[in-house]
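Remarks on the overall topology
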There are 2 protein chains.
Amino acid sequence: MTESHIIAALKEIVGADKVSTEQADRICYSYDATQQKFLPDVVVHPTTTEQISRIMRLANAEKTPVFPRGAGSGFSGGSLPTKGGIVLTTEQMDQILEIDEENLVAVVQPGVVTEQFQQAVEKVGLFYPPDPASLKFSTLGGNVAECAGGPRCVKYGVTKDYILGLEVVTPTGDVITTGGPTMKGVVGYDLTKLMCGSEGTLGIMTKIVIKLLPLPEGKKTMLVLFDSIDGAAQAVSAIVRNKIIPTTLEFMDGRTLDCVRQATSLQVPEAARAVLIIEVDGDLEFLDKQARKIAEIIQPLGVVETRIAETHEESEEIWQIRRSVSASLRKVNPDKFNEDICVPRSKVPEMIRKIDVIAETYSIPIVNFGHAGDGNIHVNIMIDKQVPGELEKAEKAIEEVFKGALSLGGTMSGEHGVGIAKAAYIPLEITPETALYMKTIKKALDPNNILNPGKIFLD
Amino acid sequence: MTESHIIAALKEIVGADKVSTEQADRICYSYDATQQKFLPDVVVHPTTTEQISRIMRLANAEKTPVFPRGAGSGFSGGSLPTKGGIVLTTEQMDQILEIDEENLVAVVQPGVVTEQFQQAVEKVGLFYPPDPASLKFSTLGGNVAECAGGPRCVKYGVTKDYILGLEVVTPTGDVITTGGPTMKGVVGYDLTKLMCGSEGTLGIMTKIVIKLLPLPEGKKTMLVLFDSIDGAAQAVSAIVRNKIIPTTLEFMDGRTLDCVRQATSLQVPEAARAVLIIEVDGDLEFLDKQARKIAEIIQPLGVVETRIAETHEESEEIWQIRRSVSASLRKVNPDKFNEDICVPRSKVPEMIRKIDVIAETYSIPIVNFGHAGDGNIHVNIMIDKQVPGELEKAEKAIEEVFKGALSLGGTMSGEHGVGIAKAAYIPLEITPETALYMKTIKKALDPNNILNPGKIFLD
C-alpha cells in the first residue's frame, strides 16, 4: 500500500483534486479490455509535463511503481497496475496544440482521443490514417505506446509511421525531446520510434508531433462474399501479387459471418462462407478503375457476390458489419481471447488451415477476422470460463496458434502488444540474446524498475 | 597499434586472405566522403555473421575498437577509424538472399550496393524508393546505418521506412534478430528502427529484411525555371499546401545553376535564378492531371519556363542536370563543406534568406540545392583551405547555418548523420537530458565502448 506521505506529496504536486484514493475511483482504473483487474493504491491526473516529471522523481525516491494509462482500452494489459502503486492517467492532457496546414504536421497532448483528432484534421482537408477499432475512445498516447494499427494500415502503415517527435518524461523524471516537426532527421538515436510500441516502459509521452497526409479525394468500398475461406484468403494474396495495395483488406470467416448474421439485419446468401471488405482511396477517376481491376482478379476464386457501395451511406453500411463483429461474437461463447497474430500476407491461407486444425484438436470454437491485407489475423478463441477445463484448453490452443504463426515467419502480435497477456510467451518469439538486448536498455534507463514494471518481460 | 596476437586471432577467424595490415590497404579504408583520413591498424573482410560475432568477442577481450564500414561513401565520417584498431568492412557480404514477390519483401546482406538492389527488384515489377545520391556505390548496410534519404523521400520516406527486420551482431558479440518479414509486429522494443541511423554504434547489421512497393506504372518529370530563389521556395510550400505530395521536389539556387551552366551543355535563359525538378509517379492516366495542376499552382510565382519530359530520355536529361551538381561546384572553390540541414517545408524561403545573410557576413560563397520538398537543403559552404583564415570562417558560418535551422524548428542533418563531422555541434540540437538518455543506451549495450567509439557524441 502506498504510504500516506506519498499521497500527500502527490497532492502537493498536482493538487488535491487530481489525486484519488477512493475505492470507486481505484476500481475504475483497475482494468482494461483484457478484463483483468489489479487495484492501484492511488490514481493521479497530472495536467503538465513538469508535474509528471516530479511524480517520477518522487516515485524513484520512494520506490513506488508508476503505471501510465490512456483510456485503458488495450488488449494486452499494458496499462494495468499489476503491482498496486500509482496509476498515472494522461486523460486530462487532451489538447490538440497545433495543426500546421502548411507543413502537414500536428502537435497534440497524449490524452487526445484518436477519432476526435481524425475529425479535427479532416476538417482542414488533412488525414491521419491509423484507425484502431478503439478509435472512439482510445487516446493517441495509448496508440503510440502500443503502436496501434487498424484496417487502413494495409496501405498507410501503423501509428509509428506517423510519429515524428515526442516530448517524454523518462523513468527517472528527466524531460527529453525526440525528433521534431521535420520530415527527416538523423541527429542521434531515433528515440521516437523506440518509444513507439514500448508499452509505457521507457518513458511517459507528454507531447506528440504527428505527420499528416492530404485527405484522399474519395474512396470506394466493396463487400465481397466467397464460397470458402480459402478463396477469400487466396484473394488477398492475388490482389497483392498483382501489385495493388488497397486501403483496407478486411476479412471475416464463416463463423464470424454466422455471428453477424444473427446479431444484425445483414442479408447474406447461405453459400457465403467468408467475406472481404475491400476499400480503395485516392483520386476519384482512379477509384473505379482500381475497383474493377480488383473484382476481375478475385472473380475466379469462388466469389458468390460483390457489392460495391455507390454512396457514403452504403459504404458506412458495409463498415457497420465489420464493426458489429466484436459484439456479435458473444453469441458463440461468453468469454474470448482476442489474439492478433501477423504472418506474411501469402501465408494467410495456410495459417487459417492451421487454426482450423487447432480448433478441432481442442474442440474450441475459434473465430477469425481482421486485417488480412497485412497478414494480421484476429484469432478469437471462444470459451466459457465457468466450464471446468475450458480455460486450460484455451491456453494450450493459444500457444499452438502462436507457434503456428511463428513457424510461418510471423509474429504473436501485430498491433495489440505484449503487456502481461503475452509476456509468458515471449521466449517463443524472441531469443534470449535479443531479449537481453531489450532488457539491458530497460534496466539502464529505469534502474529502479519504477515505470510500468512487469510488462513485456515477466522478470 | 593492434598487437600481433590480435592479428593472428583475426586471421584464425576469417582466414588469412581476409585480413590485411598492408599500408596500401589500410589507406584505402582510411577515408570517406568527408575527405578526412584516419589509418586503421588492420582491415578485416568477414563473410559470415558468426565471424563478425567472434571478431566482436575478440575486440571486447582485447579492448580494441572496431569500425564497421560499408562503401565508405558517408558525408559525416561515421565509418572512419578515428582510433586506429580494426576496420570491419561488410563489402564481401553482398548477396541478395531473397526477393519475395508475393509478400513484397526482400532479404539482403549488408554489402549489397543500393542501385544493384533497386535494379533487381524493378526487374520483377517491384520498387525500393530510397535513392541517396551515392546509390551507385553505397551499400544497403551503410544506408541503414546512416538512414539515407534521397530525392524520392518527399513522397516515399527514408530508408528506415523500408526496413522491417535485421540480424545484428551486438557490440558484445551476441547475434540478435529484430523485427521480421511481416508488415506489423509489436512484440518487444522496436530495435529495428533504433538500429536505423545509429551509425554503427549499437550493432553490426548482417542481414536486412526490406519492405518493397509495387513499381509505379509511370512517372512524369518537370524542370521549372524561376526568376528568383524566393519564387522557387514559395512554390514548394504552395504545392504542399495544395495537398499534393510529388515524388520529388528538388531545388537548386542561382549559384548552383551558374556552376551547372558552366560545366554542362545545359541551355538556360539568363533570367532563371532558381530551378525546381518536380517528378510525379503513379497511374499513367493520373500523371498528366497532376502535372497540369502543379504547373497551374506555381505559375504565378515567377516561372520563367517549364519543361515537361515527354520521354524517358528527356526525363534522364533533366536528372542529369541534378546529378552534375556536386562535380560542377568545384568550379566555385576547391573545398566544400556539404551540410544537409532540414527545416519544416514552409520555412525553406526563410532559411534560404538566412543563409544569404550568413554568406554575406562571412564573405563565403554558399551554394544551396537539395530536397526542398521535405525541407532538406544541402548547404555547400565553398572555400579554399589553402587560403589562411578561410577554414575558420567556414566553421563559424556552419555554426550559424545550424543555429538558423534550429531556430526554425529544424535539424542539423536530414540524412547525412552526425559521425564526427557534427559531433561538436550536438549540444546545439540535443539537450543534455536527451543526450544522456541516448548515451545511457550506448553505454549499457557497449560497456567497453568498443564499437565505433567517438561517433555521434564526442565523449
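Cut-off values and rules
Residues numbered from 1 in each chain as written. Chains lettered and ligands numbered in written order. Predicted model: local features only at pLDDT ≥ 70, side-chain atom pairs only at ≥ 80, totals over all residues. Heavy atoms only, no water. Helix = DSSP H or I, 4+ residues; strand = E, 2+ residues; numbered from the N terminus. Buried < 20%, exposed > 50% of the residue type's maximum accessible area, 1.4 Å probe, protein only. Contact = heavy atoms within 4.5 Å. Least-squares fit on C-alpha atoms with pLDDT ≥ 70 in both. Axes fitted to C-alpha atoms, helices over the stretch in contact; angles between N-to-C directions. Parallel < 35°, antiparallel > 145°, perpendicular 65-115°, else oblique. Left-handed = near helix turned anticlockwise from the far one by under 90°. Nonpolar A, V, L, I, M, F, W, Y, C, P; charged D, E, K, R; others polar. Pairing = 2+ DSSP bridges. Core = buried A, V, L, I, M, F, W, Y, C linked by side-chain atoms within 4.5 Å. Polar contact = N/O pair within 3.5 Å; in protein donor to acceptor, adjacent residues only side chain to side chain. Buried area = accessible area lost by both parts, 1.4 Å probe. Salt bridge = Lys/Arg side-chain N within 4 Å of Asp/Glu carboxyl O. Domains from an automatic or database assignment. Disulfide = S-S within 2.5 Å. Phe/Tyr/Trp six-rings, centres within 6.5 Å; stacked < 30°, edge-to-face > 60°. Expected span 1.5 Å × (residues − 1). Arc of directions from axis to C-beta.

Broken down by element type, chain A carries 16 helices and 18 strands. With respect to the principal axes defined by its C-alpha atoms, chain A has extents near 70 × 60 × 45 Å. Across the 459 residues that make up chain A, the buried fraction comes to 62%. Of the contacts formed within chain A by residues at least 6 apart in sequence, a portion of 73% connects residues at least 24 apart.

This next bit is on the environment of Leu 126 of chain B. Within the element layout of this structure, Leu 126 of chain B appears in strand E7 (residues 126–127). Its relative accessible area of 0% is what places Leu 126 of chain B among the buried residues.

Structural alignment of chain B on chain A gives an RMSD of 0.0 Å, achieved by rotating through 180 degrees and translating 0.0 Å along the axis. Each copy turns onto its partner about a two-fold axis.

The next subject is the packing of helix H1 (residues 4–14) of chain A against helix H3 (residues 49–62) of chain A. Residues and elements named next belong to chain A. Here H1 crosses H3 at 165 degrees, and the two axes come no closer than 10 Å. It follows that H1 is roughly antiparallel to H3 by the angle criterion. Here H1 runs over H3; the crossing is right-handed. Every residue of H3 that contacts H1 at His 5, Ile 6, Ala 9, Leu 10, Glu 12, Ile 13 and Val 14 is listed here: Gln 51, Arg 54, Ile 55, Leu 58 and Glu 62. Partitioning the contact of H1 with H3 into residue classes produces seven nonpolar, two polar and three charged.

Residues and elements named next belong to chain A. Strand order in the open sheet formed by five strands is E5-E6-E10-E8-E9, and the pairing between neighbours is antiparallel. The two strands at the open ends of the sheet, each matched to only one other strand, are strand E5 (96–100) and strand E9 (175–179). Averaged over neighbouring strand pairs, the angle between their axes works out to 10 degrees when direction is ignored. In the sheet, strand E6 (residues 105–108) pairs with strand E10 (residues 204–211) via four bridges, with the strands oriented antiparallel. By the bridge assignment, Ala 106 is partnered in E10 with Ile 210. Its contacts with the sheet put H3 on strand E8 (163–169), E9 and E10, and the angle it makes with E8 is roughly 50 degrees.

Take the nonpolar core next. Nonpolar side chains tend to gather and get buried jointly when the protein is soluble and globular. In terms of nonpolar packing, the biggest core is built from 183 residues, with Phe 117, Ile 210 and Ile 298 of chain A together with Phe 117, Ile 210 and Ile 298 of chain B touching the most fellow members. With residues near it in sequence (within four places) discarded, Ile 210 of chain A still touches Leu 104, Val 105, Ala 106, Val 108, Phe 117, Tyr 128, Leu 140, Tyr 162, Ile 163 and Leu 164 of chain A.

This brings us to the side chain of Ser 20 of chain A. Residues and elements named next belong to chain A. Tracing the sequence through the fold places Ser 20 in strand E1 (residues 19–20). On the basis of relative accessibility, which here comes to 11%, the residue Ser 20 falls in the buried class. Polar contacts involving the side chain of Ser 20 include one to the side chain of Asp 25, which spans 2.4 Å. Beyond its immediate chain neighbours, meaning those up to four positions away, Ser 20 contacts Asp 25, Arg 26, Val 42 and Val 43.

Residues and elements named next belong to chain B. Overall, antiparallel pairing links the five strands, which are arranged E5-E6-E10-E8-E9 in an open sheet. Unpaired on one side and paired on the other, strand E5 (96–100) and strand E9 (175–179) mark the two borders of the sheet. With direction set aside, neighbouring strand axes in the sheet form an average angle of 10 degrees. Note: strand E8 (residues 163–169) against E9, five bridges, orientation antiparallel. Looking at E9, one finds that Val 169 is bridged to Val 175. Contacts from helix H3 (residues 49–62) reach E8, E9 and strand E10 (204–211), with the element oriented near 50 degrees to E8.

Looking now at the interface of chain B and chain A. The parts lose accessible area when they come together, and the size of an interface is often stated as this lost area. Taken together, the 81 residues of chain B in the interface contact 80 residues of chain A. Note on chain B versus chain A: buried area summed over both sides is about 6800 Å², and carbon and sulfur give 64% of it. By the criterion of area lost to chain A, the three top residues of chain B are Lys 184, Tyr 189 and Tyr 437 of chain B, representing 15% of everything that side buries. Counting the contacts that link chain B with chain A gives 10 salt bridges. Residue Lys 184 of chain B is joined to Asp 374 of chain A by a salt bridge in which the shortest nitrogen-to-oxygen separation is 3.7 Å. Applying the counting rule to chain B against chain A returns 22 residue pairs in polar contact (both at pLDDT 80 or more). Of all elements in the fold, only E9, helix H7 (191–195), helix H8 (229–241), helix H10 (284–298), helix H15 (426–429) and helix H16 (432–445) of chain B reach the threshold of two or more residues within the side of chain B that touches chain A. Looking at the side of chain B that touches chain A, the element that brings in the most residues is H16 of chain B, giving 10 residues. Here the side of chain B that touches chain A is built from residues that sort into 37 nonpolar, 24 polar and 20 charged.

Attention now goes to the domain arrangement of chain A. Residue and element names in this part refer to chain A. Per the domain assignment, the segments making up chain A are domain 1 (96–214), domain 2 (216–331) and domain 3 (334–414). Computed over C-alpha atoms only, the centres of domain 1 and domain 2 are separated by 29 Å. Facing the eight residues of domain 1 at the interface are nine residues of domain 2. Both sides together, the interface formed by domain 1 and domain 2 hides about 710 Å², and carbon and sulfur atoms give 63% of it. Together, Pro 151, Val 154 and Lys 155 form the three largest contributors to the area buried by domain 1 at its contact with domain 2, with a combined 64%.

Formally, a disulfide is one covalent bond, and it connects the sulfur atom of one cysteine to the sulfur atom of another. Under the defined criterion, the tally for this structure stands at zero disulfides over all chains. Residue Cys 153 of chain A stays outside any disulfide, its sulfur separated by 8.2 Å from that of Cys 147 of chain A, the closest cysteine. Looking at Cys 342 of chain B, it has no disulfide partner, and the nearest cysteine sulfur is the one in Cys 153 of chain B, 10 Å off. On the basis of relative accessible area, Cys 342 of chain B is assigned to the buried category, the value being 0%.

For the rest of this paragraph, the subject is the packing of aromatic side chains. Residues and elements named next belong to chain A. Under the defined criterion, the tally for this structure stands at nine aromatic pairs over all chains. Considering the side-chain rings of Phe 127 and Tyr 156, the 5.1 Å spacing of their centres and the 85 degrees angle between planes classify their relative orientation as edge-to-face. Of this pair, Phe 127 sits in strand E7 (residues 126–127) while Tyr 156 sits in helix H6 (residues 153–156), placing them 29 residues apart in sequence. Accessibility expressed as a relative area gives 3% for Phe 127, which makes it buried. One aromatic cluster in this structure is built from Phe 117, Tyr 128 and Tyr 162.

Below, the discussion takes up helix H11 (residues 312–323) of chain B. Residue and element names in this part refer to chain B. Over its 12 residues, H11 runs 16 Å from end to end, which matches the ideal 16 Å to within 8%, given 1.5 Å per residue. Along H11, the positions that sit buried rather than exposed are Ser 315, Ile 318, Trp 319, Ile 321 and Arg 322. Taken down its axis, H11 places every buried residue within 145 degrees of arc, on the same side. H11 presents Glu 313 and Glu 317 as exposed residues on the side facing more than 90 degrees away from its buried surface.

Along a regular strand, successive side chains alternate from one face of the sheet to the other. Residues and elements named next belong to chain A. Of all eight residues in strand E16 (residues 335–342), seven are buried, a share of seventy percent or more. Across eight bridges, E16 lies against strand E18 (residues 376–383) in antiparallel orientation. Residue Glu 339 lies in a different strand from E18, and its bridge partner there is Val 379.

Looking now at the pattern of salt bridges. Scanning the entire structure with this criterion turns up 47 salt bridges over all chains. The residue Lys 155 of chain A makes a salt bridge to Asp 281 of chain A at a minimum N-O spacing of 2.6 Å. Placement of the pair is Lys 155 of chain A in helix H6 and Asp 281 of chain A in strand E14 (residues 274–282), with a sequence separation of 126 residues. Taking the relative accessible area as the measure of exposure, Lys 155 of chain A reaches 36% and is therefore partly exposed. A cluster of three or more residues bridged by salt bridges with shared partners is formed by Lys 184 of chain A together with Asp 374 and Glu 415 of chain B.

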